[in-house]
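# Examining the three-dimensional arrangement
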Amino acid sequence: MVNAPVQRMSQLMAKTLRDDPADAEVLSHKLLVRAGYVRRTAAGIWTWLPLGKKVLANVERIVREEMDAIGGQEVLLPALLPREPYEATGRWDEYGPELFRLQDRKGGDYLLGPTHEEIFTLIVKDQASSYKDLPVILYQIQTKFRDEARPRAGILRGREFLMKDSYSFDLADEGLAESYALHRVAYQRIFQRLGLDYRICAATAGAMGGSKSEEFLAPAGAGEDTFADCPSCDFAANTEAIAYELKPVDAADVPASEEIPTPDTPTIETLAASLGVPASATLKNLLVKVDGEIVAIGVPGDREVDMGKVEAHFAPAAVELVTADDFTDRPDLVRGYVGPQGLEKVRYIADPRVAPGTSWITGANKEHTHAKNVVAGRDFEVDAYVDVVVVQEGDPCPNCGAGLKLDRAIEIGHIFQLGRKYADALKLDVLGQNGKPVRVTMGSYGVGVSRAVAALAEQTADEHGLCWPKEVAPADVHVVAAGKALQIELALDVSQKLAAAGVRVLVDDRAGVSPGVKFTDAELIGVPQILVAGRRSAEGVLELKDRRTGEREELTVDEAIARLTA
Ligand code: ATP
Ligand code: MG
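What you see is a predicted model; the values in this text were computed from it and never measured.

When its secondary structure is counted, the protein shows 13 helices and 30 strands. Reported as C-alpha extents along the three principal axes, the dimensions of the protein are approximately 95 × 70 × 50 Å. Counting over 566 residues, the protein shows a buried share of 52%. For the protein, long-range pairs separated by at least 24 residues make up 68% of all intrachain contacts whose partners lie at least 6 apart in sequence. In the structure as shown, the protein presents an accessible area of about 25300 Å², 51% of it carried by carbon and sulfur atoms. Averaging the positions of the 64 positive and the 86 negative side-chain charges in the protein gives two centres separated by 6 Å.

Most of helix α1 (residues 27-34) sits inside the fold, with six of its eight residues counted as buried. All of the buried residues along α1 are Ser28, His29, Leu31, Leu32, Val33 and Arg34. Buried-residue contacts for α1 involve β2 (38-42), β3 (45-48), α10 (449-460) and α12 (515-525). Residue Gly36 follows α1 closely and has a positive phi angle near 80°.

Our next topic: the site of ligand 1. Among the 14 residues in the neighbourhood of ligand 1, the closest are listed as Arg146, Glu148, Arg157, Gly158 and Glu411. Between ligand 1 and the protein, one listed contact pairs an oxygen atom with a side-chain N or O atom of Arg146 at 2.9 Å. A distance of 3.3 Å is found between an oxygen atom of ligand 1 and a side-chain nitrogen or oxygen belonging to His414. Bound to the protein, ligand 1 loses 86% of the 580 Å² it would expose on its own.

This part covers the pattern of salt bridges. Scanning the entire structure with this criterion turns up 50 salt bridges. Residue Asp165 is joined to Lys144 by a salt bridge in which the shortest nitrogen-to-oxygen separation is 2.8 Å. Note that Asp165 is positioned in strand β9 (residues 160-170) and Lys144 in strand β8 (residues 136-145), a separation of 21 residues in sequence. Across this residue pair, the class does not change: Asp165 and Lys144 are buried.

Within the secondary structure layout, Asp395 lies in the loop between β21 (384-385) and β22 (405-419). For Asp395, a relative accessible area of 8% translates into the label buried. With 284 residues separating them along the chain, Asp395 and Leu111 place their C-alpha atoms 43 Å apart.

In this section: the environment of Met163. Tracing the chain through its elements places Met163 in strand β9. Spatially, the C-alpha atom of Met163 lies 47 Å from that of Ala376, the residues being 213 residues apart in sequence.

So, about the packing of helix α2 (residues 50-69) against helix α6 (residues 173-194). Two numbers describe how α2 lies on α6: the axes approach to 9 Å, and their chain directions differ by 150°. Overall, the two elements α2 and α6 adopt an arrangement that is roughly antiparallel. The handedness of the crossing between α2 and α6 comes out as right-handed. Only His183, Ala186, Tyr187, Arg189, Ile190, Arg193 and Leu194 of α6 make contact with α2, whose side of the interface consists of Val59, Arg61, Ile62, Val63, Glu65, Glu66 and Met67. Looking at side-chain class alone, the contact of α2 with α6 contains eight nonpolar, one polar and five charged residues.

Summed over all chains, the structure comprises nine aromatic pairs. Centroid distance Phe191 to Tyr198: 5.8 Å. Interplanar angle 55°. Geometry classified as tilted. Overall, the relative accessible area of 0% leaves Phe191 in the buried class. Looking at Arg101, its charged tip hangs above the ring of Trp92, at a distance of 5.4 Å from the centre.

With that settled, consider the confidence of the model for the protein. Averaged over all residues, the pLDDT of the protein is 94; the fraction at 70 or higher stands at 98%. Contacts of residues 205-209 to residues separated by more than four positions or lying in other chains number 15 contacts, the stretch itself having pLDDT below 50.

Reading across from one edge, β1-β27-β26-β28-β29-β30 is the order of the six strands in this open sheet, with mixed pairing throughout. Taken across any chain shown, the strands that pair with only one partner, and hence form the sheet edges, are β1 (6-8) and β30 (552-556). For this sheet, the mean inter-axis angle between neighbouring strands, taken without regard to orientation, is 25°. Here strand β26 (residues 477-481) runs beside strand β27 (residues 505-508); their pairing, made up of four bridges, is parallel. Bridge pairing in β27 places Val479 opposite Val507. Against the sheet, helix α11 (residues 485-500) makes contact with β1, β26, β27, β28 (529-533) and β29 (541-546), and its axis sits at roughly 160° relative to β26, the strand it touches most. On the sheet, helix α13 (residues 557-565) packs against β26, β28, β29 and β30 and is oriented at approximately 120° with respect to β30.

As a further point, take the side chain of Ser213. Mapped onto the elements of the fold, Ser213 is located in strand β11 (residues 213-219). Among the residues examined, Ser213 registers a relative accessible area of 6% and is labelled buried. A distance of 3.2 Å separates the side chain of Ser213 from the side chain of His414, its partner in a polar contact.

Counting 60 residues, the largest nonpolar core has Tyr37, Tyr187, Phe191, Leu194, Leu196 and Trp468 as its most contacted members. Residue assignment places this core across two domains, with domain 1 (54-242 + 406-458) and domain 3 (475-565) each supplying three or more. Excluding its chain neighbours within four sequence positions, the residues that come into contact with Leu194 are Val59, Ile62, Ala452, Leu456, Pro469 and Val472. The next biggest cluster of nonpolar side chains, apart from the first, holds 24 residues, and it includes Ala128, Tyr167, Phe169 and Leu418.

Analysis parameters
Residues numbered from 1 in each chain as written. Chains lettered and ligands numbered in written order. Predicted model: local features only at pLDDT ≥ 70, side-chain atom pairs only at ≥ 80, totals over all residues. Heavy atoms only, no water. Helix = DSSP H or I, 4+ residues; strand = E, 2+ residues; numbered from the N terminus. Buried < 20%, exposed > 50% of the residue type's maximum accessible area, 1.4 Å probe, protein only. Contact = heavy atoms within 4.5 Å. Areas by Shrake-Rupley, 256 points an atom, 1.4 Å probe, with all protein chains shown as cover. Lys, Arg positive; Asp, Glu negative; His and termini not counted. Charge placed at Lys NZ, Arg CZ, Asp CG, Glu CD. Near = heavy atom within 4 Å. Polar contact = N/O pair within 3.5 Å; in protein donor to acceptor, adjacent residues only side chain to side chain. Salt bridge = Lys/Arg side-chain N within 4 Å of Asp/Glu carboxyl O. Axes fitted to C-alpha atoms, helices over the stretch in contact; angles between N-to-C directions. Parallel < 35°, antiparallel > 145°, perpendicular 65-115°, else oblique. Left-handed = near helix turned anticlockwise from the far one by under 90°. Nonpolar A, V, L, I, M, F, W, Y, C, P; charged D, E, K, R; others polar. Phe/Tyr/Trp six-rings, centres within 6.5 Å; stacked < 30°, edge-to-face > 60°. Lys NZ or Arg CZ within 6 Å of the ring centre and 35° of its normal. pLDDT = per-residue confidence, 0-100. Pairing = 2+ DSSP bridges. Core = buried A, V, L, I, M, F, W, Y, C linked by side-chain atoms within 4.5 Å. Domains from an automatic or database assignment.

In structure tokens form, the structure reads like this:
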């Protein structure tokens, strides 16, 4: 066995910083930079320094072991990819501005892979010919490129980042369900070993296409996703994926609709105040442009529209808000006074809360005028019901009706049953048992490897700095020489012995740095155990401190080695 090397702080290519980087908004960004794990190279583009690279490699190793355990075969695809396969599936265009596109010297189009469904599909098409070659799970741990609009959360949202992506190929739906279930278990093991607190949440499939999908969300204030958790049943879902059923009501008693003068009430607030009604009695009609076509979206006046849900509904079409210019040649659209009744040339989408039979106060399509007793299904038709409302704390659980609790979270993994979307586009068939070609069905599964490092930092850090779980920490023990030559000598000696026993050691052997600075750095760097050679070094006595609990204990060299190798 090769001894685990001793990493010496006196030689380490990393500087700790006392102050937070000026551009840092989230804790993981601040701490990973301050502790010398990463350095920013450009917006959303990061360099992993020695300690950071160790943590990243530990996460990779855990992911790899658990993927191998479910029979995944590791491959490595290129990151620089040709346009044609992405053209065939439509994603060359659909991916929009997030896709890094480039040309070679001959003018040929290429992209930097944001995700690799197309290329994996082609590999299986090339390598597998019969039902005997399936099922198969292929995976890679590789750099991905996405030109994110707001790469502001440090490692959490990079424009270049490390992902484990895997793909399953099966003959039938049951096989796909099995491959999906295997991944679900592998992901549970991965995140448990990483020491991440996470929830499995129902998710929308988004731009990836396909049907069933779940997200692994790590609760953290810095997260960009919101998930709803039911306090009384096991329901948990990304709020973007929550859709309520349509429940029509009886409108027999509602009088005929009539117009009411409402001067200067172009907003829900001014309207509700002037009529003395709650905003929830009014119908808000938001206008958007879907690939250039104006579409109206109706929601109760007291609720906000979730643009993520709207975009997911219309994907791959692009959705934009209307601007003043869009009204110039549209006399049928009276800004501030739009109502679905009599809107003929506009597609009308409504939230299920605007169910058939519900009655509303809404715009009368005339300046300074609204209409009351406007009933869905009686006075206006809805072209499609789509749940587009922002879910709020206390909304009823779709499963049991209890009030939902909302929390912020970081998406660390995502599993999809893709079905045949990519196999159809790229004509992936194998010969079936009866000699006839069978179209293959696929799953696609991702873990944010670099993001997991930042998510762990977010969840485990305390007021003193990072605080890694053992399996991912850059070392098992951080030995601190708190003093001069004598302490340095003892620290190096115990470090060598620990390394010989297989313990991963980081030793602070810097001369001329005060014990106070070394202690602060050790807390900031966050190795789980800190072993201090201090006042009693002449007697060969050290102090072992648990980074998380702060518990301390005095030990001889032999005792320390026994404790750290236990
Ligand atoms: P998000 O909603 O956060 O943009 P996504 O839905 O685009 O994520 P997927 O396409 O499912 O993500 O990618 C698989 C995994 O890769 C995600 O679960 C996440 O952990 C990670 N990931 C996605 N985008 C980034 C990024 N810009 N930086 C770091 N990790 C990312
Ligand atoms: Mg994304």
